[in-house]
Each structure stands twice: as C-alpha cells, then as structure tokens.
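# Observations on the three-dimensional arrangement
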Amino acid sequence: MLIGIIGAGISGLTAGRILAKAGHEVIVFEKSRGFGGRICTRHSNKYEGVRFDHGAPYISGDDPLFKAFITELTDKGIAKKWTDTFHFHDGEQLYDKHPNMDKKDRYVCEEGMNSIGKYLSRWVDVRLNTRVIGFTYQGDRRTTKRAWMLNLESFDTFEVDAIVVAAPAVQTYGLIENSIDETMFKTIIKDIDSVLYSPKHALMLTYEGADIPDFSALVVANNPVVNWICNENSKRENNSPNTLALTVHTHAAFSKKHVFDGSVPEIVELEIAQQVRKILGDWAGRYDESQLRLWRYPQPGNYFEKDFVELGEDLKPIALVGDYMRGKTLEHAYISGYKLGHHWAKRFSK
Ligand SMILES: Cc1cc2nc3c(=O)[nH]c(=O)nc-3n(C[C@H](O)[C@H](O)[C@H](O)COP(=O)(O)OP(=O)(O)OC[C@H]3O[C@@H](n4cnc5c(N)ncnc54)[C@H](O)[C@@H]3O)c2cc1C
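As annotated in an unreviewed UniProt entry, the protein chain carries the name Amine oxidase domain-containing protein and is attributed to Cyclonatronum proteinivorum.

So, in structure tokens, the structure goes:
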C-alpha cells in the first residue's frame, strides 16, 4: 500500500516508520524545510556551532512505550541524559531547585532536538517544503488505481492508497475543510475545531564572552512575560564555549495579546528582553544576537480521549494522529503515531 503522511513531526514519522517496516511504501509531506515539527532546532546566524531548541526543549517519559523510544535514542547516541532538576525564580529571587517539581529524567540531543526527527525520517521518504492543501477521495468514478488524491500547494497532485494526517488540530481542520468529499468528516470536524491552542514566543539570545550560568533551565513564576529560560550550553559540548545561548519562552497571555494587537516583532522582543534582564541581571540585557519565533500552536489545551482517529472504510483509509490524542504532550504525539502505525500494519498486512 502507498501511504501518504501529512506532517513530519514525531507522530507522523513514528507512524511512518512502523508502516514502512511493515512493508508499505510511505511518503511524508512536510510543509517546512526541516524534520521533527515542533521538536526543532535553529542555528545562530553569528556563531558557528551555537544552536537553540526553540520548540520542545527536552524529552521525558512516563509511558513504557515512550521510555523504550528514549532508550533507543540514547543507545544510538542521539539523545543523552540532561538535568533532573530545574532552577526556579519566584519573581524576586533565584533558587537552585524548583519547590514543587520532583526530580525526573530528562533527555536532550547533542546536535539539537531536531536530531530526533532526522533519525525517524531514515525509514521513510520525506518531501520537505511540500505543503498539502487538501485531499480528495476519488470515489467509485475513479479511473486511477489509488483511492486518494493529495492536492499540493504547488498545484501538483499525488495519488495514495491511504492518508495519515499528522498535523496540529487547527491545521488538520483546515485540510479537512479543503477536502472535496467531506461526508466522512462530518462527525469529527466539530471535535477537531474544539481543540484550542494558545500562542507562545521563543526568543533566542546569544552573549559572546558571558559567564555561563550554573542553571540548565530556569522556571520563572510571577512574571507577566517570561515563564522559562533555557541555558543551551548545558545541553551540548559543542556549543561555542565562549558564547552563551539562551532560549526564552513566554506566557500564553503575553503572546496572545501581541498576536491580537498585531505587534511588530521588535516590540515583542524588547518586552521579553527587558524581563530577562530583570530576572538574570543587567548583563542579560546586553545580548549580541537575537531571533524571535512565534508559535501559534505550541501545545493543545484539550484533547481527544483516543489514541488516534480512524475514518473511512478499508477502501479509503484515513487517520488522524498527533499530540491532541489522549494528552497534550510530545509523549502523547509519539504514542498516537505508534499505536496507529501498529494498528494499520496489522489491518493492512499483506
Ligand atoms: C515552544 C514549545 C515548547 C514545548 N514544550 C513542550 C514540553 O515541555 N513538553 C512536551 O511534552 N511538549 C512540549 N511541546 C509540544 C511538543 O513539541 C508537541 O506536542 C509535539 O512535538 C507534537 O508532535 P506532532 O507530531 O503531533 O506535531 P508537530 O510536531 O506539529 O508536527 C506536525 C508537522 O506537520 C506539518 N504540517 C502541518 N500542516 C501541513 C500541511 N498542510 N502540509 C504539510 N505539512 C504540514 C508541520 O509543519 C509539522 O512539521 C512544546 C512545543 C513548543 C512549540
């Protein structure tokens, strides 16, 4: 069977690798230029070797399935153990331990968190920079042998036997709205529309010659703008030793306001940087490079009580996977892709 997967995040790539291992031909269509979706890494424009994990900063697992995947990544040398403790800033003072967070094993990637997506993509054919804008069930009137036609932004089309949509719920909704045969989606579209996301900004800063702070990451409370500061140097040996790299994440309310107001990036950056300086000290206001990224859909606020959604009959299979299935986290995204992958491998075994 030829399976088209929309989205090269952890859910899509995980489903894809299982289906490819089961003997299916899998093509993953990814609109961006990189692998891993929201588990992603950006390079400094100024300092060689300096990188920022500006999406999910680390992985950590409770479920045995995800723990097994983390073990696979560490065995292959892709992930390594990071800190089990975060520092804490209560708005006034910095503490070397968060008062309410238990110790937990957390893992990061020496080469950047996008190594996870790169690793998973080894089993499948990924078409980067390829946005799918909709799909059409070719129905009984079809003259070609495949059930589905994917419509690409480039105006090209691509025929597949089955589709896995592995995009955030909002983008999944958009794809379904653009599909010509909507009948099979009628029951699910309202539920997909009800999954809500709040935006978040990531500000990436570098400081040449600065002392490297002794925290791996700082959870910030009682601040109207910032809720997380990550010391990228604590994650990897090969970040340039003379250049400190910090990734700062904001509160949803702050980002929501700026998205609503249509603020220019310079204003957003200035407000975040002022708070970073307030939290860490004057030196933190003297960064020499910055990059700002707005995440419109960082994590879902609510989710489906299912591991995946399957629609269509045997002749027109289509399924939805992602982090909005049974949870809101990266771990749930992995499990969603994993469970659908095994379910379809069995259902469509040769
Ligand atoms: C700033 C930030 C911080 C986070 N922190 C944490 C955390 O601490 N803990 C945690 O568990 N999770 C965290 N997350 C969430 C975690 O990253 C996600 O839950 C997980 O990566 C989602 O994986 P996914 O496969 O469901 O979706 P994604 O990773 O979003 O993958 C979907 C892919 O589909 C592609 N796509 C969408 N539409 C189309 C289309 N039409 N055509 C082609 N491609 C398309 C997208 O470009 C994307 O690459 C964070 C996320 C962000 C952004």
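Once you've had a look at it, read on.
Packed helix pairs are specified by the crossing angle of their axes together with the interaxial distance, meaning the distance between the axes. Packing of helix 1 (residues 10-21) against helix 8 (residues 330-347) leaves a shortest axis separation of 7 Å and a crossing angle of 25°. As judged from the angle between their axes, helix 1 and helix 8 are roughly parallel. Both helix 1 and helix 8 take part in a crossing whose hand is right-handed. Every residue of helix 8 that contacts helix 1 at Ile 10, Ser 11, Thr 14, Ala 15, Arg 17, Ile 18 and Leu 19 is listed here: Leu 330, Ala 333, Tyr 334, Gly 337, Tyr 338, Gly 341, His 342, Trp 344 and Ala 345. Each residue belonging to the contact of helix 1 with helix 8 can be placed in one class, and the counts come to 10 nonpolar, 5 polar and 1 charged.

Our next topic: the site of the ligand. In the neighbourhood of the ligand, 35 residues make up the surrounding shell, with Ser 11, Glu 30, Arg 38, Val 132 and Asp 323 lying closest. In this structure, Glu 30 approaches the ligand through a side-chain N or O atom, which is 2.6 Å from an oxygen atom. Note that an oxygen atom of the ligand is positioned 2.6 Å from one of the side-chain N or O atoms of Asp 323. Taking 1000 Å² as the accessible area of the ligand by itself, protein coverage stands at 92%.

This paragraph deals with the pairing of strand 10 (residues 132-137). Taking burial as the measure, the 6 residues of strand 10 include 5 buried ones, the bulk of the element. Note that strand 10 and strand 11 (residues 148-152) share 5 bridges and pair antiparallel. Among the inter-strand pairings, Thr 136 is bridged to a residue of strand 11, identified as Met 149.

Okay, the sheet that holds strand 12 (residues 157-160) next. A sheet is described by the order of its strands in space; here 3 strands give the open sequence 10-11-12, paired in antiparallel fashion. Unpaired on one side and paired on the other, strand 10 and strand 12 mark the two borders of the sheet. Across this sheet, the average inter-strand angle for adjacent strands is 25°, counted without regard to direction.

On to the packing of aromatic side chains. Taken as a whole and assessed by the stated rule, the structure comprises 19 aromatic pairs. Here the aromatic rings of Phe 69 and Tyr 334 are separated by 4.5 Å at their centres, their planes lie at 20°, and the arrangement is stacked. Of this pair, Phe 69 sits in helix 2 (residues 64-75) while Tyr 334 sits in helix 8; the two residues are 265 residues apart in sequence, bridging distant segments of the chain. By relative accessible area, which is 1% here, Phe 69 ends up buried. For the ring pair Phe 135 and Trp 148, a centre distance of 5.9 Å and an interplane angle of 90° mean the geometry is edge-to-face. Placement of the pair is Phe 135 in strand 10 and Trp 148 in strand 11, with a sequence separation of 13 residues. Its relative accessible area of 0% is what places Phe 135 among the buried residues. What links up through ring pairs into an aromatic cluster is the set Tyr 58, Trp 82, Phe 86 and Trp 228. Lying across the ring of Trp 123, Arg 17 places its NZ or CZ 4.7 Å from the centre. The ring of Trp 82 carries the charged tip of Lys 235 above its face, separated from the ring centre by 5.3 Å.

With respect to topology, 7 strands assemble into an open sheet ordered 7-6-15-16-17-14-18, the strand pairing being mixed. Each of the sheet's edge strands pairs with one partner strand only, and the pair in question is strand 7 (94-95) and strand 18 (289-295). In the sheet, strand 15 (residues 217-220) pairs with strand 16 (residues 226-231) via 3 bridges, with the strands oriented antiparallel. Counterpart to Leu 218 in the pairing with strand 16 is Ile 229. Against the sheet, helix 6 (residues 252-261) touches strand 14 (200-208), strand 17 (243-250) and strand 18, its axis set at about 105° to strand 14. Each of strand 6 (87-89), strand 7, strand 14, strand 15, strand 16, strand 17 and strand 18 touches helix 7 (residues 265-280); the most contacted strand, strand 14, lies at about 65° to it.

Attention now moves to helix 1. Taking 1.5 Å per residue, 12 residues should reach 16 Å; helix 1 reaches 16 Å between its end C-alpha atoms and fits that length. Regarding helix 1, the residues found buried are Ile 10, Ser 11, Gly 12, Leu 13, Thr 14, Ala 15, Gly 16, Arg 17, Ile 18 and Leu 19. Positive phi shows up at Gly 23, right after helix 1, with a value of about 105°.

Turning our eyes to something else, we now look at the packing of helix 2 against helix 8. The geometry of helix 2 relative to helix 8 is characterised by a closest axis approach of 9 Å and an angle of 95° between their N-to-C directions. When the interaxial angle is binned, helix 2 and helix 8 end up roughly perpendicular. Side by side, helix 2 and helix 8 meet where Leu 65, Phe 66 and Phe 69 of the first sit next to Leu 330, Glu 331, Tyr 334, Ile 335, Tyr 338 and Lys 339 of the second.

Here we come to the pairing of strand 13 (residues 162-165). Here strand 13 shows no split at all, with Ala 162 and Val 164 on one side and Ile 163 and Val 165 on the other all buried. As paired elements, strand 1 (residues 2-6) and strand 13 share 4 bridges and run parallel to each other. Note that in strand 13 the partner of Ile 6 across the bridge is Val 165. Pairing of strand 13 with strand 20 (residues 318-320), which is carried by 3 bridges, proceeds in the parallel orientation. For Ile 163, the partnering residue across the bridge sits in strand 20 and is Ile 318.

Reading the values: rules and limits
Residues numbered from 1 in each chain as written. Predicted model: local features only at pLDDT ≥ 70, side-chain atom pairs only at ≥ 80, totals over all residues. Heavy atoms only, no water. Axes fitted to C-alpha atoms, helices over the stretch in contact; angles between N-to-C directions. Helix = DSSP H or I, 4+ residues; strand = E, 2+ residues; numbered from the N terminus. Parallel < 35°, antiparallel > 145°, perpendicular 65-115°, else oblique. Left-handed = near helix turned anticlockwise from the far one by under 90°. Contact = heavy atoms within 4.5 Å. Nonpolar A, V, L, I, M, F, W, Y, C, P; charged D, E, K, R; others polar. Near = heavy atom within 4 Å. Polar contact = N/O pair within 3.5 Å; in protein donor to acceptor, adjacent residues only side chain to side chain. Areas by Shrake-Rupley, 256 points an atom, 1.4 Å probe, with all protein chains shown as cover. Buried < 20%, exposed > 50% of the residue type's maximum accessible area, 1.4 Å probe, protein only. Pairing = 2+ DSSP bridges. Phe/Tyr/Trp six-rings, centres within 6.5 Å; stacked < 30°, edge-to-face > 60°. Lys NZ or Arg CZ within 6 Å of the ring centre and 35° of its normal. Expected span 1.5 Å × (residues − 1).

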